[in-house]
Amino acid sequence: MKKTTLLLNRVNFRYGWTMVMLLALPLWFASCSKDKDGNGEPDVKPNAIEGSWKITGIKANVQIDLGNGTKTNDFFVLMKAIPGTDANALIACLTDSKTTFNGNGSISGTPSPACASADVDDYNPVADKSTWKVDGNKLTITTGGTSEIYDLTIDGSVMKWSTPIEDLNDDGKEDMVTFEFKKA
């Protein structure tokens with residue numbers, strides 16, 4: 001009787017352990033996010049970018065000297081410091097315009113009425129009738145045959161694109177600019 005009880009306990013333990021593993025494995029594998037580009041961060045799912053977005057900020061990874069003893073990494077503050085620009089209208093144009101990333105890979109936009117300035121194209125990273133593609137944590141925007149690739153992160157309703165930019169603080173190194181968006 002003891003041998004039979006001992007044998008049944010071993011079978012029950014093994015069977016129970018096997019069932020626990022069989023039930024846990026799918027959950028374990030599902031919790032692992034793919035990292036196609038190998039940067040150590042979970043890849044962005046392409047459908048996460050679909051929908052309408054508005055720019056909320058443009059930031060540099062370094063402080064930029066405004067020439068009056070102050071520094072900032074905020075391009076909106078920098079725009080306001082440039083003499084002869086209608087920075088408020090330019091910022092309103094950028095933040096009020098809506099960019100829509102369609103599921104078919106096309107981009108459409110709804111410009112703000114504040115977009116009277118021709119300078120807005122110098123700051124807006126997306127032109128109407130462009131296309132987009134997500135691969136891992138990279139976003140490719142193609143406009144008129146020219147592609148621009150950005151590092152992409154999405155956290156809920158906040159999306160950020162980062163790309164190298166010229167040396168902004170004269171330290172001899174390439175800097176980064178990040179475009180920040182909020183789901184519209």
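Keep in mind that this is a model prediction, so the values were computed, not measured.

## Some points on the nonpolar core
Generally speaking, soluble globular proteins have nonpolar side chains that are buried together.
Link 1 in the chain: Counting 31 residues, the largest nonpolar core has I58, F75, M79, F101, L139 and W161 as the members making the most contacts within it.
Link 2 in the chain: Secondary structure elements with two or more residues in this core: β1 (51-65), α2 (75-81), α3 (87-96), β5 (131-135), β6 (138-143), β7 (146-155), β8 (158-165) and β9 (175-183).
Link 3 in the chain: With six residues, β1 is the largest single contributor of residues to this core.
Link 4 in the chain: Residues in contact with F75, not counting those within four places in the same chain, are I58, K59, A60, I64, I165, L168 and V177.

## Notes on the confidence of the model for the protein chain
Link 1 in the chain: Taken residue by residue, the protein chain gives an average pLDDT of 78. The fraction at 70 or more is 72%.
Link 2 in the chain: Predicted confidence for residues 1-33 stays below pLDDT 50, and this span has one contact to residues more than four positions away or in other chains.

## A few points about the environment of E148
Link 1 in the chain: For E148, the location among the structural elements is in strand β7.
Link 2 in the chain: The class for E148 is partly exposed, based on a relative accessible area of 38%.
Link 3 in the chain: The sequence separation of E148 and T163 amounts to 15 residues, and the corresponding C-alpha distance is 8.7 Å.

## Examining α3
Link 1 in the chain: Burial in α3 covers these residues: A87, L90, I91, C93 and L94. The buried residues of α3 occupy an angular sector of 155° when the element is viewed end-on, so they sit on one face.
Link 2 in the chain: Residues of α3 that are buried in the fold lie against β1 and α2.

How each quantity is defined
Residues numbered from 1 in each chain as written. Predicted model: local features only at pLDDT ≥ 70, side-chain atom pairs only at ≥ 80, totals over all residues. Heavy atoms only, no water. Core = buried A, V, L, I, M, F, W, Y, C linked by side-chain atoms within 4.5 Å. Buried < 20%, exposed > 50% of the residue type's maximum accessible area, 1.4 Å probe, protein only. Helix = DSSP H or I, 4+ residues; strand = E, 2+ residues; numbered from the N terminus. Contact = heavy atoms within 4.5 Å. pLDDT = per-residue confidence, 0-100. Arc of directions from axis to C-beta.

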